[in-house]
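Okay, here's what each chain looks like letter by letter:
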Amino acid sequence: MRKIVLIGLVLLSGVLFTARLFYLQVYDASPDSLSQNSAIKVMYDYPQRGYMFDRNGTLLVSNQPSYDVMVIPKDVKPLDTLEFCGLLKITKEEFKEILHKARVYSPRLPSVVLPQLNKADYASLSEKMYKYEGFYIQRRSLREYQVDHSANVMGYIAEVNNAIIDKNPYYQMGELIGTAGVEKEYEDVLRGIKGVKYIQKDRFNRDIGPYKEGVFDTLPERGNDIQLTIDATLQKYGQELMVNKRGGIVALEPATGEILALITAPSYDPSLLVGRERSKNFTKLWYDTLAKPLYDRVLMGEYPPGSPFKTLIALIGLKENVVTTEDAFSCYGGYRYGNRTLGCHSHPSPLPMIGGIANSCNAYFCNVYKRVIDKFPTPQEGIDAWRSDLMSFGLGDFLGYDLPSGKKGNIPTSKYYNKIHKFPEHKWSSLATISNAIGQGEVLLTPMQMANFTAAIANRGYYYTPHIIKNIIGPDTIPKKFTEKHFTAVEEKDFYPVVEGMHQVYQRGTASSIQIPGIEMCGKTGTAENFTRIGGKRVQLTDHSIFVAFAPMDNPKIAIAVFVENGYWGSRWAGRIAGLMIEKYLKGEITRTDMEKYVLEGSLEAEYAKPYSGQPFSINR
Amino acid sequence: MIGNKNFVRFDWLIIFLYIALVVIGWMNIYSASLSDSAKGFFDFEQIYARQFLFICLSVVLIIFLLAIESKFYERFASVFYIVSLISLLGLFVFGENINGATSWYSFGPFGLQPSEFAKAATALALAKYVSDIQTDMKEFKNQLVAFLILALPALFIIPQPDPGSALIYAAFVFPLYREGLHGVYLLLGLFATVLFVSTLAFGAVGVAIGVLLLAGIMFYRNRKKRPNFIKYLLIAIGCIAFAFSVSFIFNNVFDQRHRDRFNIVLGKEVDARGIGYNTNQSEIAISNGGWLGKGWTQGTQTKGNFVPEQHTDYIFSTVGEEWGFLGSMIVVLLFVGLIVRIIFRAEKQKTQFGRVYGYSVAAILFLHFFVNIGMVTGIFPTVGIPLPFFSYGGSALWGFTILLFIFIKLDGANYHHG
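Note that the coordinates shown come from a computational prediction; the quantities given were computed from them, not determined experimentally.

So, how was this worked out
- Residues numbered from 1 in each chain as written.
- Chains lettered and ligands numbered in written order.
- Predicted model: local features only at pLDDT ≥ 70, side-chain atom pairs only at ≥ 80, totals over all residues.
- Heavy atoms only, no water.
- Helix = DSSP H or I, 4+ residues; strand = E, 2+ residues; numbered from the N terminus.
- Contact = heavy atoms within 4.5 Å.
- Areas by Shrake-Rupley, 256 points an atom, 1.4 Å probe, with all protein chains shown as cover.
- Buried < 20%, exposed > 50% of the residue type's maximum accessible area, 1.4 Å probe, protein only.
- Core = buried A, V, L, I, M, F, W, Y, C linked by side-chain atoms within 4.5 Å.
- pLDDT = per-residue confidence, 0-100.
- Arc of directions from axis to C-beta.
- Expected span 1.5 Å × (residues − 1).
- Polar contact = N/O pair within 3.5 Å; in protein donor to acceptor, adjacent residues only side chain to side chain.
- Pairing = 2+ DSSP bridges.
- Axes fitted to C-alpha atoms, helices over the stretch in contact; angles between N-to-C directions.
- Salt bridge = Lys/Arg side-chain N within 4 Å of Asp/Glu carboxyl O.
- Patch = residues over 30% accessible without salt bridge, like charges linked within 9 Å, V, L, I, M, F, W, Y side chains within 5 Å.
- Phe/Tyr/Trp six-rings, centres within 6.5 Å; stacked < 30°, edge-to-face > 60°.
- Lys NZ or Arg CZ within 6 Å of the ring centre and 35° of its normal.
- Parallel < 35°, antiparallel > 145°, perpendicular 65-115°, else oblique.
- Left-handed = near helix turned anticlockwise from the far one by under 90°.
- Nonpolar A, V, L, I, M, F, W, Y, C, P; charged D, E, K, R; others polar.

**Considerations on the overall build of chain B**
- A count of helices and strands for chain B gives 17 helices and three strands.
- Considering only contacts in chain B between residues 6 or more positions apart, those separated by 24 or more positions represent 70%.
- In the form shown here, chain B has an accessible surface area of approximately 19,500 Å², with 69% of it arising from carbon and sulfur atoms.

**Focus on the overall build of chain A**
- A tally of regular secondary structure across chain A gives 21 helices and 20 strands.
- When each of the 621 residues of chain A is scored for burial, the buried share is 54%.
- Total accessible area on chain A stands at roughly 27,500 Å², and carbon and sulfur atoms take up 52% of it.

**Description of the nonpolar core**
- Ile226, Trp386, Met521 and Met581 of chain A are the most contacted members of the largest nonpolar core, which has 132 residues in total.
- Filtering out sequence-adjacent residues up to four positions away, Trp386 of chain A remains in contact with Phe309, Ile313, Ile316, Tyr369, Val372, Ile373, Ile411, Pro412, Asn436 and Val443 of chain A.

**Describing the confidence of the model for chain B**
Residue and element names in this part refer to chain B.
- In this model, chain B carries an average pLDDT of 83, and 86% of its residues clear a pLDDT of 70 or more.
- Across residues 269-273, confidence stays below pLDDT 50; counting only partners more than four residues off in sequence or on other chains, it has seven contacts.
- Of the two predicted TM-score estimates for the complex, the pTM is 0.63 and the ipTM is 0.84.

**Some details on helix α10 (residues 278-286) of chain A**
Residue and element names in this part refer to chain A.
- When we look at burial in α10, the residues that qualify are Arg278, Asn281, Phe282 and Leu285. Each buried residue of α10 sits inside an arc of 100° when the element is viewed along its axis, so together they form one side. With respect to the buried face of α10, the exposed residues turned more than 90 degrees away are Ser279, Lys280 and Lys284.
- Tucked inside the fold, the buried residues of α10 contact β4 (111-117) and β6 (157-159).

**Brief notes about helix α15 (residues 379-391) of chain A**
- Across its 13 residues, α15 of chain A extends 18 Å between first and last C-alpha, which sits within 8% of the 18 Å expected from 1.5 Å per residue.
- For α15 of chain A, the full list of buried residues reads Pro379, Gln380, Gly382, Ile383, Ala385, Trp386, Asp389 and Leu390 of chain A.

**As for the side chain of Ser62 of chain A**
Residue and element names in this part refer to chain A.
- Mapped onto the elements, Ser62 comes out in strand β3 (residues 59-71).
- Under the relative-accessibility criterion, Ser62 is labelled buried at 6%.
- For Ser62, the side chain forms a polar contact with the side chain of Gln146, separated by 2.8 Å.
- Apart from the residues within four sequence positions on either side, Ser62 is in contact with Tyr51, Leu142, Arg143, Glu144 and Gln146.

**Side note on the side chain of Arg143 of chain A**
Residue and element names in this part refer to chain A.
- One can find Arg143 in strand β5 (residues 135-145).
- Residue classification places Arg143 among the buried positions, given a relative accessible area of 1%.
- Only 2.9 Å separates the side chain of Arg143 from the side chain of Asn63, close enough to count as a polar contact.
- For Arg143, the side chain forms a polar contact with the side chain of Glu183, separated by 2.8 Å.

**Concerning the sheet that holds strand β3 (residues 110-112) of chain B**
Residues and elements named next belong to chain B.
- The three strands lie next to each other as β1-β2-β3, forming an open sheet whose pairing is antiparallel. Edge positions in the open sheet fall to β1 (96-98) and β3, since each of these has one partner strand only. For this sheet, the mean angle separating the axes of adjacent strands, direction not counted, is 60°.
- The pairing of strand β2 (residues 101-107) with β3 spans three bridges and is antiparallel.

**Some details on the pattern of salt bridges**
All names here are of chain A.
- Evaluated as defined, the whole model comprises 33 salt bridges over all chains.
- Measuring nitrogen to oxygen at the nearest pair gives 3.0 Å for the salt bridge that ties Lys89 to Asp121. One end of the pair, Lys89, is in the loop between α2 (81-88) and α3 (92-105); the other, Asp121, is in helix α4 (residues 119-126), with 32 residues separating them in the sequence.
- Relative accessible area serves as the criterion here: at 57%, Lys89 is assigned to the exposed category.

**What about unusual backbone geometry?**
Residue and element names in this part refer to chain A.
- That bond from Ser349 to Pro350 is cis: its omega, -10°, falls within 30 degrees of zero.
- Along the chain, the position of Pro350 falls in the loop between β14 (340-343) and α13 (353-359).
- Cis geometry is adopted by the peptide bond preceding Pro552, which originates at Ala551 and carries an omega value of -10°.
- Along the chain, Pro552 falls in the loop between β19 (537-551) and β20 (558-564).
- Despite not being glycine, Ser150 shows a phi value in the positive range, around 65°.
- Mapped onto the elements, Ser150 comes out in the loop between β5 and α5 (151-154).

**Details of a nonpolar patch on the surface**
- Taken together, the side chains of Phe22, Tyr23 and Tyr27 of chain A together with Trp291, Leu292, Leu326 and Ile330 of chain B present a nonpolar region at the surface, about 800 Å² in accessible area.
- Secondary structure elements with two or more residues in the nonpolar patch: α1 (5-27) of chain A together with α15 (315-347) of chain B.
- No other element matches the three residues that α1 of chain A contributes to the nonpolar patch.
- You can see Trp291 of chain B is positioned in the loop between α13 (277-289) and α14 (300-303).

**Brief notes about the pairing of strand β12 (residues 258-265) of chain A**
All names here are of chain A.
- In terms of burial, β12 is largely enclosed, as eight of its eight residues are buried.
- Sheet analysis places strand β11 (residues 247-253) next to β12, joined by seven bridges and oriented antiparallel. Pairing of Gly248 across the sheet is with Thr264, part of β12.
- Taking the residues between adjacent antiparallel strands as the criterion, β11 and β12 are bridged by four residues, where Gly257 takes a positive phi near 85°.

**Details of the pairing of strand β10 (residues 225-228) of chain A**
Residue and element names in this part refer to chain A.
- Covered by surrounding structure in β10 are Asp225 and Gln227 together with Ile226 and Leu228, the residues of both alternating faces.
- Judged from the two bridges that link them, strand β2 (residues 52-53) and β10 form a sheet pairing that is parallel. The partner of Phe53 across the bridge, within β10, is Gln227.
- Two elements, β10 and strand β16 (residues 469-473), share four bridges in a ladder whose sense is antiparallel. When the bridges of β16 are listed, Leu228 appears paired with Ile469.

**Some remarks on the sheet that holds strand β18 (residues 522-534) of chain A**
Residues and elements named next belong to chain A.
- Here five strands make up an open sheet; going across it, the order is β12-β11-β20-β19-β18 and the pairing antiparallel. Lying at the two open borders of the sheet, with one neighbouring strand each, are β12 and β18. Between one strand and the next, the sheet's axes are offset by a mean angle of 10°, whatever the strand orientation.
- Contacts from helix α18 (residues 495-507) reach β18 and β19, with the element oriented near 80° to β18.

**Let's talk about the packing of aromatic side chains**
- As enumerated under the stated definition, the model contains 46 aromatic pairs over all chains in all.
- Between the aromatic rings of Tyr51 of chain A and Phe53 of chain A, the centroid separation amounts to 6.5 Å while the plane-to-plane angle is 50°, which identifies the pairing as tilted.
- Among the residues examined, Tyr51 of chain A registers a relative accessible area of 22% and is labelled partly exposed.
- Phe53 of chain A sits in the buried class, given a relative accessible area of 19%.
- Chaining the aromatic ring pairs together yields one cluster made of Phe17 of chain A together with Phe174, Phe335, Phe366, Phe369, Phe370 and Phe390 of chain B.
- Arg278 of chain A extends its terminal NZ or CZ atom over the ring of Phe282 of chain A, reaching a point 5.4 Å from the ring centre.

**Looking at the environment of Phe107 of chain B**
All names here are of chain B.
- Here Phe107 is to be found in strand β2.
- Residue Phe107 is classed as exposed on the basis of its relative accessible area, which comes to 54%.
- On a C-alpha basis, the gap between Phe107 and Glu96 in space is 10.0 Å, while along the polypeptide they are 11 residues apart.

**Some thoughts on the packing of helix α9 (residues 232-241) of chain A against helix α19 (residues 571-587) of chain A**
Residues and elements named next belong to chain A.
- At their nearest, the axes of α9 and α19 sit 10 Å apart, and the two run at 155° to each other. For the element pair α9 / α19, the angle class is roughly antiparallel. Crossing hand, α9 versus α19: right-handed. For the pair α9 and α19, contact is made by Thr233, Leu234, Tyr237, Gly238 and Leu241 and by Ile577, Leu580, Met581, Lys584 and Tyr585, respectively.
- By residue class, the composition of the contact of α9 with α19 is seven nonpolar, two polar and one charged.

**Focus: the environment of Ser66 of chain A**
Residues and elements named next belong to chain A.
- Along the chain, the position of Ser66 falls in strand β3.
- In the structure, Ser66 is positioned 50 residues away from Gln116 in sequence and 5.2 Å away in space, judged by C-alpha atoms.
- Those residues in contact with Ser66 that sit more than four places away from it in its chain are Gln116, Leu117, Gln138, Arg139, Arg140 and Leu142.

In structure tokens, the structure reads:
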């Protein structure tokens, strides 16, 4: 016993230390990573964001240097607050508030004190910066817009929020990320990879040189440039045409699905969202709840499509074999069912398909629609078959384009009608849904969806998923899904009479007033009733002016949908705008200067002010 | 005198372990004290260069120690002891105050710390007294004298103040126990330590409740043997009185810094930037090592000088950071191997003098090793004592070298005569 006590204790302490060291070094070795190490400071070097070009190589957006004042709260030493606030041009209260927020976020990680200084502010501040421990200036790359249009396409970048930081460890407080439009969709391509420098510090937090001579440091990698499918000239022209109107224009290249123009109105100058005035400007745009300049009407707006929808009814009638092109229907100033009438305007009667399209006869399409639904044993099956035909045109669901916003629109299902008519207690027939025949009723489409089905008609039976990316300059190529044909449920041969009908619309029908010399266009006007609520009461407003078209008739180069809120009849605004856009794109110059002058000078602001005037007002005048 | 025969009889395993520890120790001091301002390797402003010089002088010292006739150490033990007591007392008159402790004689740029040498002298004196024919460790009078021999230098060291170095004299209980001191002294010491720590952790009242409960249970379990109730009560009261006096001493006699050191280990107050800074930084440095460490001179915490006193008392944190779990284990095994080997050789001694001395060496090295690494890894309160052969410092290195090589010489003579 006396011989082994000391040996025992020695061995025991050996075991104890082994256990302790194992716990510290292997089991609980948490502060191992470089970024967590208190002796290593991590500095980032931000790369230039990739540029954006239009389809013709015109530069849309590049970069400018910007400087953020950053703080690491735990390193802040007592300072001359008054002098510092003077340099930053903020009040002492604001400064305290910012510092408090930074400390709450993290005492160890950097937070932004003042974002996006310009070169002049930076110059005056940088030479005094040494006085303020814990503060430093971080150089970043900011956007510099070369154009004043296409804000809705390009989107914008903004500081990351905590939700993004939690999800994606790449981002740190104060860094910028694409938050809308192409900037958001192609963030990974445009962003590049930030460089990182590890600096060894001593216990007084002084830099004592690069960590391990910089073997872990990386250089920033510049983001890739991208070329968009939009045509800057067309974008600019479209935006000018839409001044003082609300709505949008979507133009596609039917042969590829490339988006030639994507214009929403009203819009804003993208440069407003750069620099120190950014948050003030953003707030102003955000709170404009009447004009909604940040709201992309062509992707997010769900509207009743009106008469352009009739082309689809005709196609489905042919596809379902319930009508031939020769079948003519009489119009009695409208379509009579039961003791009700769905009204129509005056035109020759009876009409076959081509005439029906050219004159936009409501009665004709009500008859065709009824035959389609009634072909099936029950209206439920009829509606679902009709719906499935429509969905093959990319309607009623997200289209799958490469922009981060959108809506499904609405192509009603049988379930939807069963619910509103309380089936099976109450039965319903095809007549209960008859408004669908003329693009009113429950059907809702986004302008983008209207442009897409127009492109499908232009192609006589197929479309490509619309997309904004033309080329990623660098190792990446554009996603494969944009080069796959989507065939509609309707056969190619059935498209010819409808195309001919749309050509007649332009030749002698509802859009004959917008004829442009030398351009064989196919189109369809639309005049959609719409309602709003004022003080809880449903009030009808002036009709939406709608026009879809493609040109030339053979081998189409452009398919377009134009939507002007409360613009009254189809050819009044939308038709004219579509005509001008097509001429601009195909010919590069405008011959119908009379039409251009009318559109450029015309304003609908008075119309938009009506519902908010508090006075009784008349519509459709 | 240095016959070939004698020379090869030394225990080469112990010498190898000594060399390994000194070399590894120096490499870590080099890393911990590396700075850009060095003017070449032989710039004696640099800590590592000075330690290199100390090591070279140790070699000279070793040759001396091994050359001297082994009987000399036994014969002059009392003289060494008295000289070292005088040198400790002399500090009160001629000592140099460094870092708040008057533990040094200063000679120009170098200082000498007599407490480091007093350990070897005390070990010799104790070995001589215990091995005397007339000494019987079972007699109370002899126990008292032995305690006096080891307590005197400790008493002189405490007021320097250097309670850490004084604490080491407790190590002599182990050789005395080996020579027949009643085990009750060890148990009493252990029990007192447990009570002491529990009092700090749970408070005197908590300990009182615990002791009463324990006594009640023991009494109940032994009730068939008709236990003496008065005896149980007296022991319980004794324990409780001890707990309350510990509490009183801790709160009224100790300095705040002593209290803090205990409280940190007991997890009562965690203040990473204040008093717990040393231990906390040392633990971070060690944790950073992982399995294999960051590599020699690559430790970030070491380079940033985050661990205070890293080249002296906290040198093991450099081992932890730069050599990882693997390197730390090798150092721990080297120490355990060295101490076990010394005990093994001590048992083989033909003379009681050699055995007592060998046990004293093992016990002193063990206590240093246990307290130092316990402190650096955060399982023992901060007690400023060096890690033998590792920590920077001439006095410490020479003190331990003398302590160890006297035993190697005694052991070698043992071979010779056997």
